[in-house]
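Structural overview
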Amino acid sequence: MPDHRLCSESLTAGYEDRRVLESVDFRVAEGRLTVLLGPNGSGKSTLLKALARTLTPQRGRVLLDGQEIHRYRTREVAHRLGILPQSPTAPEGMTVRELVGMGRFPHQRLWRQWSRQDEAAVVEAMAVARVADLAERPVDALSGGQRQRCWIAMVLAQDTDLILLDEPTTFLDLKVQVDLLELLVRLAHDGGRTLLVVLHDLNLAAAHADVLVMMRDGRIEHCGPPEAVFTAANLKRVFDLEAEVINAPNTGRPVCIPALGSTALLGRRKEELSA
Ligand code: ADP
């Protein structure tokens, strides 16, 4: 087994004649939670899609377990790797249980339909993602956050060691976002899964990731543990964000505090506060 089950070599990818990723060399850390950060349009989703084989490279290659990912059959990829794309939509009227059950498709064969193992995987995935009490409800009648948890349950039911999630916390309120990130950390640290997740929230990413990857203009600018990567200089360079970075008193993890506009504005705020 190679050290890194999923990696890219000189990966250049994009859409039609548009190039987004520029010669990206990237190895997804085994048994870790890796978070991709970057401004809108920096190529995070494109990288995820290329790594999951939903986008064909223009140049370079993606290796899954040492073999070029395009050489595998779809079912073989789905056995090894689960991906949740951004804003997926469920067929009209489909129930939560049915949607989560779709995660079991790669495990089924013509001669072996729904098994006890499939049922157990669905029940466990629904429990972990906390959607068990919604099981018989139609997905399209749920709130955005509930729906998002159903999709996460579907990927969990697929029961792959490699899990790629594109902005899974969209629509979730903060408490549920934290719960979800804690779940992802547990899947990596206790379950030995390898997770690659695109997130928007910088501080949640820095608080939970084992590895942070910062992208800009289709390139990986920084990659490493949050303590090394999540610095004021890197936030300025990658996001053009003026921020102070401090350490959280409870965890020691880096936290960014964005500057409040111009110095003049800050002065006025101080005067207002002391008035
Ligand atoms: P991010 O996930 O960092 O926001 P994306 O990977 O979605 O960035 O997008 C990178 C660039 O590729 C953007 O300029 C975006 O407009 C473009 N892009 C994304 N999807 C498509 C598509 N299906 N067709 C054409 N261009 C696309």
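This text goes with the structure placed above it.
What you see is a predicted model; the values in this text were computed from it and never measured. (Residues numbered from 1 in each chain as written. Predicted model: local features only at pLDDT ≥ 70, side-chain atom pairs only at ≥ 80, totals over all residues. Heavy atoms only, no water.)

Bringing the sheet that holds strand E2 (residues 18–27) into the picture now. Note on sheets: strands pair through backbone hydrogen bonds, and any given pair is parallel or antiparallel. Strand order in this open sheet of 4 strands is E2-E1-E4-E5, and the pairing throughout is antiparallel. Because the sheet does not close on itself, it has two edges, and the strands there are E2 and strand E5 (67–68). Note that strand E4 (residues 59–64) and E5 share 2 bridges and pair antiparallel. Looking at the pairing, Leu63 lines up with Glu68 of E5. Lying on the sheet, helix H1 (residues 44–51) is in contact with strand E1 (6–15), E2 and E4; it crosses E1 at an angle near 120 degrees. (Pairing = 2+ DSSP bridges. Helix = DSSP H or I, 4+ residues; strand = E, 2+ residues; numbered from the N terminus. Contact = heavy atoms within 4.5 Å. Axes fitted to C-alpha atoms, helices over the stretch in contact; angles between N-to-C directions.)

According to the stated counting rule, one finds 15 salt bridges in the structure shown. Across the pair Arg19 and Glu22 runs a salt bridge, and its minimum N-O distance is 3.6 Å. Arg97 is the salt-bridge partner of Glu136, the closest N and O atoms lying 2.8 Å from each other. Taken together, the residues Glu136 in the loop between helix H4 (116–128) and helix H5 (144–158) and Arg97 in helix H3 (residues 96–102) connect sequence positions 39 residues apart. What makes Arg97 partly exposed here is its relative accessible area of 32%. (Salt bridge = Lys/Arg side-chain N within 4 Å of Asp/Glu carboxyl O. Buried < 20%, exposed > 50% of the residue type's maximum accessible area, 1.4 Å probe, protein only.)

Let's shift gears to the environment of Pro106. With respect to the element layout, Pro106 can be found in the loop between H3 and H4. In the structure, Pro106 is positioned 47 residues away from Arg59 in sequence and 29 Å away in space, judged by C-alpha atoms. The contact partners of Pro106, leaving out residues within four places of it in the chain, are Arg75, Ala78, His79 and Gln158.

This brings us to unusual backbone geometry. We note that Ser10 has phi near 45 degrees; this positive angle belongs to a residue other than glycine. Among the secondary structure elements, Ser10 is positioned in strand E1. Phi angles above zero are rare outside glycine, and Arg130 is one such case at about 55 degrees. Its place among the elements puts Arg130 in the loop between H4 and H5.

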